[in-house]
Amino acid sequence: MSYLFGATVMGFGVHAPVMAQSNATGILFGQVTGQPGTNIVFENTATGVQRTVTPESNGKFQATSMPPGNYLVKLMQDGKLVQSREVEALVGRGVEVNFLPVNAQANPQVGAIQQVTVSGNTNRIDVSNTNNGPVFTARELAKLPISQSVNAIIQLAPGTVKNTGGGYGEVSSFGGSGVSENAYYINGFPVANILTQIGTSEVPFGAISNAQILQGGFGPEFGRASGGVVNITTKSGTNQWEFGAKASITPNALRSPSLNTYYPKTGANPLTDGKLQFYSQDNIVNSNTAGVYVGGPIIKNKLFMFVAAERNSSHSESVNASSDKVFSPTGFSDNRTTVDRFLVKLDYNLSDDHHFEFTQVHDKTKLVSRLYGFNYATFSRNYIQKGGSISINCCGGPNPGADDSILKYTAYLSDDLTLTTLYGESKTTHSQSPEGYNPTIFQTNSSVKSRVPGVNYPIVQTVSTPIQADGVGDKQKTLRIDMEYKLGRHSLRAGIDYNKVASVVGVSAAGGGAWNYYYTDDPTKYKGFGFTETPAEGGGYGTLGYYVSRDLSSNVSHPTSTQAAQYIEDRYQVQGNILLSLGLRNEQFRNNNSAGQAFIQQTRQLAPRLGASWDVNRDGSFKVFGNAGRYFMQVPTNLSANTAGVNLITSQAFTYTGVDPATGAPTGLHAISPVTSVNNQWGISQDPRGLTAIDLKPLYQDEMSIGFEKALNQEFNFGVMGSYRTLRSSNDDLCDQRPINAWAARNNIDTSHYGFPCATINPGSDNSLLLDLKGDGKLIRVDLTAADIGLPKMTRDYIALNFFLEHPLRHGWYGKVNYTLSRSKGNNEGQVDSLQGNNVAQTVGWDHKELMLNATGDLPNDRRHVIKAFGFYELSPELTLGGNLTIASGQPRNCVGELPRSIAPDMGYGSSYFFCNGQASPRGSLGRMPWQAQLDSNISYRPKMLPGVNFKTDIFNLFNSHTIISENATSRSNGNVNPTFLQETGRLSSRSVRLTVEYNHKY
């Protein structure tokens, strides 16, 4: 289950090999005492495919790039079987198999090899690896009480934290990094969300063979990740036909009710303080899963197939409107979600030395949403549909869906030379079909505080989410070549990979825009961004503090990008028990606008990767290891869409005298501001040369780890690892024209007609921009120092100590406990902002210098203490119990609000500053959220009278904890105390029960 449990070592006194493998395979290695004519045969017990290697003169042997699975390793002498050992190869792991004379340790004079067959696992340690992370097999995942998702597997690994904010969904942070900094692979093919890099497409859960979760220390074959790597390999067909099916339900009848949400008591909002906001206790959620698989030989020993299909369905009925209005015509949601996934895996062995694989993955999420009325006076819904939508793989979430086609070729050209080649294509479409949509009517948004008493504010536009354009989607093509060659004590590896990405992005506000109603309690003095009059001066309801904003937004673009890399690595066996890994990766990134013009081009990004492993006792029982490396991240296509696209974001403020009952739009308008665009996004295409700093540096991070792992005895393994990560550089958008105006004034250039549309820079560094300051189409180079811009240096430091105690599967039980003590501190989470949201690589925090005041502190993904314990106990051949416990300290609490006018005038960024009620409020200074504790458990029953049948019950959140995991940090808005300040925005999910029946049969 981990890199300890996954290591199988048999024999005595053998050192680690010089080894390498592709990113979707493992290695088998060892030593033999024998005479000339000795060979080692590795036979895949499922397919019958064999590979033969000849030991070196010192008896050492190894087989790299071995597909995960069970192998019979046979010692052959002059064509006759002498010994055999059965072992399991795991993705990214080394398994040691030794053939030594019986009683050789006790009697060195005994030299004859006796014939014996041994099959089993020990608790020895994988000394052949220097990276950090466990491997989970299908067998182990089936016995643990976890949800059927990749993110649930990730959460079993130490150093991973579940995201709880920013609107980024059910994804994870690795080692203090942002949730967009992870890489995901299926059978060696990258499957991360193409547009945002957040989340991944997935295969049917039961089709997962191995899941490797790397938190760091990974070698140069992996790139475009400064967080973690999730490396999935799928099941394949064998020489034995097999069939299986499963069905599970998570009924609402066995689910504990959700808690209602109440407004906090702010002392400044009598209309809402302490009152019910969202009625949730009668919400209903029913879900079920059905899956089937079949696998076997099309041609025995030659051609194999494995096909799996899975459908996850859920039906929820919930109140989505707040109690601000007694009746909302769209306040009740009826949602039906269907997730269809299938996998087709074909394996063809042209010969024992030439292997072809084809993988087809389909992942599609369909949501049918219908909106009905809800009445807070009676807490009841009606059945008059007033809106809804049908969406597919929509809209920007962490489960983007995909159709992936992957072809891989592996050639064992000799005992020492292996070649692997992979080519794959991915295509994702995103669509949305709103129901009851009137494209001529704006959205309207108001709250109980922003509505004039006695005035009706109808909701006529029933679509409240952005509308996706036709043809929206993403495509990716990938080529990867890896070569491995063994030369004496050196295992040399080199490779290249190339990704070509294209997206179509198109989104606009429903109806083309929105009327957003506001209130200020100081109408004679309050002036928002761009206001030329106070609301009181505007007349109408403005004299009472009520005003409205007309907001338009749309985005259309066709961005593309290319990502290329080359790597080399030398795994050098310095001595019999010391292994050094010396690697170098070179990255290149290019991002293009819709016309194919490059606006970001980064080359020669050199990333050294160093690792060492010391097999202290020379028997695989005690390993000391360390690694250090540099990791680069590409700019996501999402930034290309938003920066280099045609974007329109404008606002204009008005006072008003009434509301149109037919449309919900204000009447009697009086403008109190001109049309403004905070970041000069006027729907005009920009010159790509002016959108990024010259010689822009990518995000990159340096990391080092050191630790040890020791087999305490035959029952327990123990280990400690210390890690340190520091962010060296990052990029984000600057939207502050003041430094440009100051530079222009020093150089006698008139910028009175120039509007800066934002540009991507390296904050905290000197930056040079090419800008059309005079409006004549001629670009002028503007050199700005870090002091000119005024932004601090980006900082993010993560330090951690991870302890584990593990009982490998023996005597019918397996268990592992991880404790991580860590701190993540700085002024930058990465490409994302879990506190305030925003687009990837375009967070608010770096737009101008005032946003970074008080911004240094404990970051949102900081969890000082985390305990993860999981395992299972086989009570009998028929009964198995499983458990999964997580205990974690709460995340930092924050208070953000408006910038005091004594520091700077309103720049249109509202409550995005680290100020609380006008006072400085450093990041994380409000203390901590509550500790979280969740225990999940299961029981599995396999009756003897029904061979192949398994009944299983999983209980999630056994003690029904409702701990708050996120809250609203905004203290003031539009000059008023926010009525939802410190209100919970997320809790642990209520207790639920999943009932499953499975059938598996081999013919």
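Residues numbered from 1 in each chain as written. Predicted model: local features only at pLDDT ≥ 70, side-chain atom pairs only at ≥ 80, totals over all residues. Heavy atoms only, no water.

**Some words on helix 5 (residues 738-746)**
Because each turn of an α-helix spans 3.6 residues, side chains separated by three or four positions in sequence point in the same direction. Within the sequence span of helix 5, burial applies to P739, I740, W743 and A744. Within helix 5, the buried residues cover an arc of 135 degrees as seen down the axis, which keeps them to one side. Structurally, helix 5 contributes buried residues whose contacts are with strand 46 (767-771), strand 47 (780-784) and helix 6 (786-789). Two residues or fewer past helix 5, N748 is found with a positive phi of approximately 55 degrees. (Buried < 20%, exposed > 50% of the residue type's maximum accessible area, 1.4 Å probe, protein only. Helix = DSSP H or I, 4+ residues; strand = E, 2+ residues; numbered from the N terminus. Arc of directions from axis to C-beta. Contact = heavy atoms within 4.5 Å.)

**Observations regarding the pairing of strand 2 (residues 26-31)**
Of all six residues making up strand 2, six are buried, and the element is well covered by its neighbours. Neither face of strand 2 is left uncovered, since the one carrying G26, L28 and G30 and the one carrying I27, F29 and Q31 both have all their residues buried. Summarising the sheet, strand 2 and strand 5 (residues 60-66) pair through five bridges and their orientation is antiparallel. In the strand pairing of strand 5, Q31 is matched with K60. Strand direction decides the pairing type here: strand 2 and strand 8 (residues 94-97), joined by three bridges, are parallel. Bridge pairing in strand 8 places F29 opposite E96. (Pairing = 2+ DSSP bridges.)

**A look at the pattern of salt bridges**
One pass over the structure, following the stated rule, counts 39 salt bridges. One salt bridge connects R341 with D363, and the closest N-O pair in it is separated by 3.0 Å. Here R341, found in strand 22 (residues 327-351), pairs with D363, found in strand 23 (residues 354-375); they are 22 residues apart in sequence, far enough to count as distant. Residue classification places R341 among the buried positions, given a relative accessible area of 8%. Here D363 falls in the buried class, since its relative accessible area comes to 2%. A salt bridge links E709 to K623, with the shortest nitrogen-to-oxygen separation between them at 3.8 Å. Separated by 86 residues along the polypeptide, E709 in strand 42 (residues 699-711) and K623 in strand 37 (residues 622-633) bring together distant segments of the chain. The same class applies to E709 and to K623, which are both buried. One salt-bridge network, held together by shared partners, links R224, R480, D482, D497, R585 and E587. (Salt bridge = Lys/Arg side-chain N within 4 Å of Asp/Glu carboxyl O.)

**Here we look at the nonpolar core**
Counting residues in each nonpolar core, the largest one holds 39 residues, and the members touching the most others are W743, F756, L769, L771 and L773. Those elements that provide at least two residues to this core are strand 36 (598-615), helix 5, strand 45 (759-761), strand 46 and strand 47. Here L769 is in contact with T692, A693, F756, A759, I761, I780, R781, V782 and L784, once residues within four sequence places are set aside. The next biggest cluster of nonpolar side chains, apart from the first, holds 33 residues, and it includes L141, V230, F306 and L343. (Core = buried A, V, L, I, M, F, W, Y, C linked by side-chain atoms within 4.5 Å.)

**Focus: the side chain of N679**
By the element assignment, N679 lies in the loop between strand 41 (670-671) and strand 42. For N679, a relative accessible area of 16% translates into the label buried.

**Section: the UniProt feature "domain: TonB-dependent transporter Oar-like beta-barrel" (unreviewed entry) in the protein chain**
Within this numbering scheme, the UniProt entry marks residues 334-589 and 598-875 as carrying the feature "domain: TonB-dependent transporter Oar-like beta-barrel" (unreviewed entry). For residues 334-589, the end-to-end C-alpha separation is 43 Å, with 2% helix and 65% strand making up the annotated structure. Taken end to end, residues 598-875 has its terminal C-alpha atoms 62 Å apart, with 7% of it in helix and 46% in strand. (UniProt positions renumbered as here; feature names shortened; annotations may be inferred.)

**Considerations on the state of the cysteines**
A full pass over the atoms with the stated rule returns two disulfides. Note on cysteine connectivity: C735 is disulfide-linked to C758, with sulfurs 2.0 Å apart. On the sign convention where negative means left-handed, the S-S torsion of about 115 degrees between C735 and C758 marks this disulfide as right-handed. Here the residue C735 occupies a position in the loop between strand 44 (732-734) and helix 5, and C758 occupies one in the loop between helix 5 and strand 45, the gap between them amounting to 23 residues. Overall, C758 belongs to the buried group, its relative accessible area being 6%. Disulfide pairing is shown between C895 and C916; the S-S distance is 2.0 Å. Judged by the sign of its S-S torsion, about 75 degrees, the cystine formed by C895 and C916 is right-handed. Separated by 21 residues along the polypeptide, C895 in the loop between strand 52 (879-888) and strand 53 (915-916) and C916 in strand 53 bring together distant segments of the chain. C916 shares its class with C895; the two are buried. (Disulfide = S-S within 2.5 Å.)

**Let's talk about the sheet that holds strand 14 (residues 189-190)**
Each strand in a sheet pairs with another by means of backbone hydrogen bonds, the pair being arranged parallel or else antiparallel. Spatially, five strands are ordered 10-15-16-13-14 in an open sheet, and the strand pairing comes out mixed. Of all strands in the sheet, those bounded by a partner on one side alone are strand 10 (135-137) and strand 14. Pairing between strand 13 (residues 183-186) and strand 14: two bridges, direction antiparallel. Across the sheet, I186 pairs through a bridge with F189, a residue of strand 14.

**Re a nonpolar patch on the surface**
A cluster of nonpolar side chains, namely Y941, M945, L946, F951 and V997, defines an oily patch on the protein surface of about 460 Å² accessible area. Within the fold, V997 resides in strand 61 (residues 992-1002). (Patch = residues over 30% accessible without salt bridge, like charges linked within 9 Å, V, L, I, M, F, W, Y side chains within 5 Å. Areas by Shrake-Rupley, 256 points an atom, 1.4 Å probe, with all protein chains shown as cover.)

**A closer look at the packing of aromatic side chains**
The full count for this structure, using the stated rule, is 30 aromatic pairs. Arranged with centres 6.2 Å apart and planes meeting at 85 degrees, the rings of F218 and F222 form a pair that is edge-to-face. In terms of burial, F218 and F222 fall into one category: buried. With centroids separated by 5.4 Å and ring planes inclined at 80 degrees, the aromatic side chains of Y541 and Y656 adopt a geometry described as edge-to-face. Here Y656 lies in the loop between strand 38 (646-655) and strand 39 (658-659) and Y541 lies in the loop between helix 3 (535-538) and strand 33 (546-557), a separation of 115 residues in the sequence. A network of ring pairs unites the aromatic residues Y279, F332, F374, Y376 and F379 as a single cluster. In this arrangement the basic side chain of K710 is found over the ring face of F622, its NZ or CZ atom lying 4.8 Å from the centre. (Phe/Tyr/Trp six-rings, centres within 6.5 Å; stacked < 30°, edge-to-face > 60°. Lys NZ or Arg CZ within 6 Å of the ring centre and 35° of its normal.)

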